[in-house]
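Below, each chain spelled out in residue letters.
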Amino acid sequence: MRSIYLDYAATTPTDMSVIEKMMPYMSEKFGNPLSFHSRGQEAQKAIEKARRDIALIIGADPGEIIFTSGGTESNNFAIKGIAYQNKNRGDHIITSSIEHHAVLRTCRFLEGQGFRVTYLPVDRHGIVDPDLLKKAITDKTILISVMHANNEIGTIEPVEEIGKIATERGICFHTDAVQTFGHIPGNVDKLGVDILSASAHKFYGPKGAGFIYIRKGTEVTSFMHGGEQERGRRASTHNVPGIIGTGKAAVIARDLMGEETAKLTRLRDRLIEGISNSIENSELNGHPSLRLSNNVNISVQSAGGESMLLNLDLEGISCSTGSACSSSALEPSHVLLALGQSRKKAAESVRFSLGRSTEERDIDTVLDILPGIVRRIRSAAGCSR
Ligand SMILES: *Cc1c(COP(=O)(O)O)cnc(C)c1O
């Protein structure tokens, strides 16, 4: 049985050539980039090369890139950093109700610290309405944080429009681009963002590595205090292999982007159409066209997401219900609830996220197997549909 991995939105395998590039920085090139000797300078040079490569991809200056431990840290850095930096100017943050927990729970934490947060609703496809955003802005608003694309339903948000509003009003705009960096183009000027978060393990780089882009002139309070790394903005000895891997993975992702998007879009649409043709009362979650090329999130009436996931797993197919973080708890996905779905419906969904190794035959295997699984679950539940 060929095992079929369709959970690339949760994490991706590290590309072999990324691993090869990282390896020497764990052995012979192990120097600390802050050391003045040549071993240290060798590592220092390599991280500056990774920084330039990444900056070029998003249209930034190298000095605007700070390496972090990934998406969660970058989101915490952005939101807490802007909140504390501007606490004398204002106390209001605007975000959306479908953000990743790394944003939502950071905002909740700040509410406990005296900040006020507006969680914008989304329409039934998961789109944030820029007009509602405009109306939510007050003279105390210090930050707008809206994700580039949603990790559960794949909806791509109108970030450029939001960026224009933020720029007009002089409000800092952060976007969680963890699902889009390396997958769709994201020039920071075109998007109109001041801060952007990305994570290497979502684009075939190593886990525990990523970066944050902070526009020149945007002051952000640091919360990692210690050494002089990253010009004092993020202390802690550099994760040199991780940084090298992040840079290499970013370059590969940029080079493959066009071809990969075309392939994944075709496979995605084949899976969506196949499921809709073979499973009655199933429905695509998220936006029909403004969606990531690798995301298929489906609600299947009277078939629990957990049951579908476990049965697919027995057949060697890995997928997810909602997000990986919420699937350990039996809480329905906050994203599906925000689309206006009932708790029951929100618990009846699976997410397939496709990636670099996905082939047509994998999609066909899912289409062979899933209808039978759904039939068995429905009949076990005494439902004949
Ligand atoms: C995975 C993910 C994160 C968290 O990134 P880590 O590097 O795993 O901490 C944040 N936001 C989104 C949208 C994600 O998909």
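Quick caveat, the model's predicted, so the values are computed rather than measured.

Scoring rules and cut-offs
Residues numbered from 1 in each chain as written. Predicted model: local features only at pLDDT ≥ 70, side-chain atom pairs only at ≥ 80, totals over all residues. Heavy atoms only, no water. Core = buried A, V, L, I, M, F, W, Y, C linked by side-chain atoms within 4.5 Å. Buried < 20%, exposed > 50% of the residue type's maximum accessible area, 1.4 Å probe, protein only. Helix = DSSP H or I, 4+ residues; strand = E, 2+ residues; numbered from the N terminus. Contact = heavy atoms within 4.5 Å. Lys, Arg positive; Asp, Glu negative; His and termini not counted. Salt bridge = Lys/Arg side-chain N within 4 Å of Asp/Glu carboxyl O. Polar contact = N/O pair within 3.5 Å; in protein donor to acceptor, adjacent residues only side chain to side chain. Expected span 1.5 Å × (residues − 1). Near = heavy atom within 4 Å. Areas by Shrake-Rupley, 256 points an atom, 1.4 Å probe, with all protein chains shown as cover. Nonpolar A, V, L, I, M, F, W, Y, C, P; charged D, E, K, R; others polar. Domains from an automatic or database assignment. Buried area = accessible area lost by both parts, 1.4 Å probe.

## As for the nonpolar core
- Residues Ile65, Ile144, Leu196 and Phe211 are the most contacted members of the largest nonpolar core, which totals 53 residues.
- By residue number, the principal contributor to this core is helix H2 (residues 38-58), which donates seven residues.
- Ignoring any residue separated from it by four or fewer positions in sequence, one finds phenylalanine 211 in contact with Ile54, Ile58, Ile65, Ile66, Phe67, Thr68, Ser74, Phe181, Leu196, Ser197, Ala198 and Thr246.
- One finds Ile279, Ile317, Phe352 and Leu354 within the second-largest nonpolar core, a separate group that totals 26 residues.

## As for the side chain of lysine 80
- Tracing the sequence through the fold places lysine 80 in helix H3 (residues 71-85).
- Here lysine 80 occupies a buried position and makes no salt bridge, while the nearest side chain of opposite charge, glutamate 73, is found at 10 Å.
- Looking at lysine 80, its side chain comes within polar contact range of the side chain of asparagine 76, at 2.7 Å.
- Excluding residues within four positions of it along the chain, lysine 80 makes contact with Thr106, Phe109 and Leu110.

## Overview of helix H4 (residues 101-112)
- Over its twelve residues, H4 runs 16 Å from end to end, which matches the ideal 16 Å to within 8%, given 1.5 Å per residue.
- Looking at H4, one finds that the buried residues are His101, Ala102, Val103, Leu104, Thr106, Cys107 and Leu110.
- Contact partners of the buried residues in H4: H3, strand E3 (92-96), strand E4 (116-120), strand E5 (141-145), strand E6 (172-176) and helix H10 (334-338).
- Just downstream of H4 lies glycine 114, where phi reads positive at about 100°.

## A closer look at the site of the ligand
- Taken together, 13 residues lie around the ligand, and Thr72, Asp176, Gln179, Ser199 and Lys202 are the ones closest in.
- A distance of 2.8 Å is found between an oxygen atom of the ligand and a side-chain nitrogen or oxygen belonging to histidine 201.
- With the chains in place, 88% of the 380 Å² that the ligand exposes on its own is no longer accessible.
- With three residues, the single largest contributor to the shell around the ligand is H3.
- Classifying every residue of the shell around the ligand by side-chain character gives two nonpolar, nine polar and two charged.

## Quick notes on the domain arrangement of the protein
- By domain assignment, the protein separates into domain 1 (4-11 + 257-380) and domain 2 (16-252).
- Relative to domain 2, the C-alpha centre of domain 1 lies at a distance of 28 Å.
- Between domain 1 and domain 2, the contact holds 29 residues from the first and 31 residues from the second.
- Between domain 1 and domain 2 the total buried area reaches about 2500 Å² when both faces are included, carbon and sulfur atoms providing 57% of it.
- There are zero salt bridges connecting domain 1 and domain 2.
- Seen at the junction of domain 1 and domain 2, the total is 14 residue pairs in polar contact (both at pLDDT 80 or more).
- Residue assignment for the side of domain 1 that touches domain 2 shows that the elements contributing at least two residues are helix H8 (240-278), strand E10 (295-300) and H10.
- Element by element, the count of residues in the side of domain 1 that touches domain 2 is highest for H10, at four residues.

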